[in-house]
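Coordinate analysis (summary)
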Amino acid sequence: MEKIKLITDSACDIPVEEEKRLGITILPVPITINTDGYYERESFTFDEFYDILEKSETLPLTSHIVSVTYQEQYEKAYEEGYEHVIVVSIYSGASSMNFAAHQGAEDFFQQYPDAVGKMTIDVLDSKSFTLGYGYPLMEAAKSIQNGAGYEEVLAYLKDTFEKVEVYFCPFTLQYVKKSGRVSCAAAFVGELLGLRPIISMTKGPSSVVGKVRGNNAVNPYLQKIVLERAAKQSPYVVLQAKNAAPALELSKMLEKSLGYPCVGIYKIGASIAINAGPDVVGVAFLGKGSSEQ
């Protein structure tokens with residue numbers, strides 16, 4: 001059986017227990033909070049970060065994992081006898097981590113020329129965020145444990161990243177205003193009117209694809225998106241942050257309308273929470289192929 005190593009960044013939001021069970025290497029994203037440096041997953045839990053976010057004087061900032069960190073992981077994989085390394089990053093347009101992973105690979109092969117032909121390194125741009133690439137990675141890891149080969153795993157990930165769609169909604173405009181995603185004036189008017197933006201993170205940059213008035217209208221809108229855009233029998237995950245109630249409600253609504261349950265309800269990490277706040281609900285699924293449109 002081929003030895004395959006999966007590496008990603010902590011913005012994938014894969015739960016820590018799944019990281020350990022599936023043997024995925026998840027590198028922590030550096031975060032600055034009130035001028036102090038931290039590492040996601042290592043310095044705090046998801047819930048602890050939500051509390052930090054609410055109490056922070058300034059909006060925390062994420063930075064990218066540097067190339068030498070990736071290089072060190074490649075060296076470790078080579079020493080441990082891995083034949084293939086597959087690295088998956090958050091959408092490359094939102095962070096330099098994909099570039100750093102490529103640079104780390106180039107530096108690794110320069111330092112270890114004997115590794116050429118013995119170990120491959122593939123760096124994939126997920127074109128997605130949070131569980132949009134976290135869930136496919138978990139599925140890939142399970143297939144590896146069940147004996148899937150390198151070509152099969154690589155093809156699955158590439159195909160999935162072309163289809164995965166992520167939608168979420170923040171229940172306050174406070175954080176999208178702070179992050180600069182909407183103007184102060186627009187956020188002020190939006191809060192007065194009770195508007196909630198539905199944000200898409202599909203194949204690249206995020207965009208607002210709809211607005212609803214009031215919290216009660218959020219889940220029906222997300223449900224409508226899934227029913228219209230999800231491929232037949234697509235697995236789906238529901239996203240939450242501090243408040244679990246909206247995610248539980250959405251999962252029940254989708255199970256009733258689709259006829260099968262979500263594969264899990266997962267918490268979003270710092271990359272999404274910083275820009276949307278600690279009170280969100282969302283969903284990720286595989287979109288319809290061209291033949292199903």
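In this report, the structure presented in the accompanying data block is examined. Remember, it's a predicted structure, so these values are computed and weren't measured experimentally.

**A look at the sheet that holds strand 3 (residues 30-33)**
- One open sheet accounts for 3 strands, arranged 4-3-5; its pairing is antiparallel. Two strands in the sheet have a free side with no partner beyond their single neighbour: strand 4 (36-39) and strand 5 (61-62).
- Relative to strand 5, strand 3 runs antiparallel, the two being bridged by 2 bridges. By the bridge assignment for strand 5, Thr32 is matched with Leu61.

**A closer look at unusual backbone geometry**
- Backbone geometry places Arg41, a non-glycine residue, at a positive phi of 75°.
- As for its placement among the helices and strands, Arg41 is situated in the loop between strand 4 and helix 2 (46-55).
- Residues other than glycine seldom take positive phi values, yet Lys203 does so here, at roughly 55°.
- Within the secondary structure layout, Lys203 lies in the loop between strand 9 (195-201) and strand 10 (206-213).
- On the accessibility criterion, Lys203 (47% relative accessible area) is partly exposed.

**Notes on the pairing of strand 7 (residues 120-125)**
- Bridge analysis of strand 6 (residues 84-89) against strand 7 gives 6 bridges, and the strand direction is parallel. Looking at the pairing, Val87 lines up with Val123 of strand 7.
- With helix 4 (residues 97-111) bridging strand 6 and its parallel neighbour strand 7, the resulting β-α-β unit is right-handed.

**Overview of the environment of Asn98**
- With respect to the helices and strands, the residue Asn98 is situated in helix 4.
- Looking at Asn98, the relative accessible area reads 10%, which means it is buried.
- In this structure the C-alpha to C-alpha distance between Asn98 and Ala245, which are 147 residues apart in sequence, comes to 34 Å.
- Beyond its immediate chain neighbours, meaning those up to four positions away, Asn98 contacts Ser89, Ser92, Val123, Leu124 and Asp125.
- At 3.0 Å, the side chain of Asn98 forms a polar contact with the side chain of Ser89.

**Considerations on the packing of aromatic side chains**
- Scanning the model with the defined rule gives 10 aromatic pairs in all.
- A centroid spacing of 6.2 Å and a plane angle of 70° characterise the contact between Tyr78 and Tyr112, whose relative ring orientation is edge-to-face. Separated by 34 residues along the polypeptide, Tyr78 in helix 3 (residues 67-79) and Tyr112 in the loop between helix 4 and strand 7 bring together distant segments of the chain.
- Classification of Tyr78 by relative accessible area gives buried; the value is 18%.
- Relative to Tyr112, the ring of Phe108 has its centre 5.2 Å away and its plane inclined at 25°; by these criteria the two rings are stacked.
- The lysine or arginine in question, Lys3, covers the ring of Tyr82, its NZ or CZ lying 4.4 Å from the ring centre.

The rules behind the values
- Residues numbered from 1 in each chain as written.
- Predicted model: local features only at pLDDT ≥ 70, side-chain atom pairs only at ≥ 80, totals over all residues.
- Heavy atoms only, no water.
- Pairing = 2+ DSSP bridges.
- Helix = DSSP H or I, 4+ residues; strand = E, 2+ residues; numbered from the N terminus.
- Buried < 20%, exposed > 50% of the residue type's maximum accessible area, 1.4 Å probe, protein only.
- Right-handed = clockwise from strand over helix to strand, strands pointing away.
- Contact = heavy atoms within 4.5 Å.
- Polar contact = N/O pair within 3.5 Å; in protein donor to acceptor, adjacent residues only side chain to side chain.
- Phe/Tyr/Trp six-rings, centres within 6.5 Å; stacked < 30°, edge-to-face > 60°.
- Lys NZ or Arg CZ within 6 Å of the ring centre and 35° of its normal.

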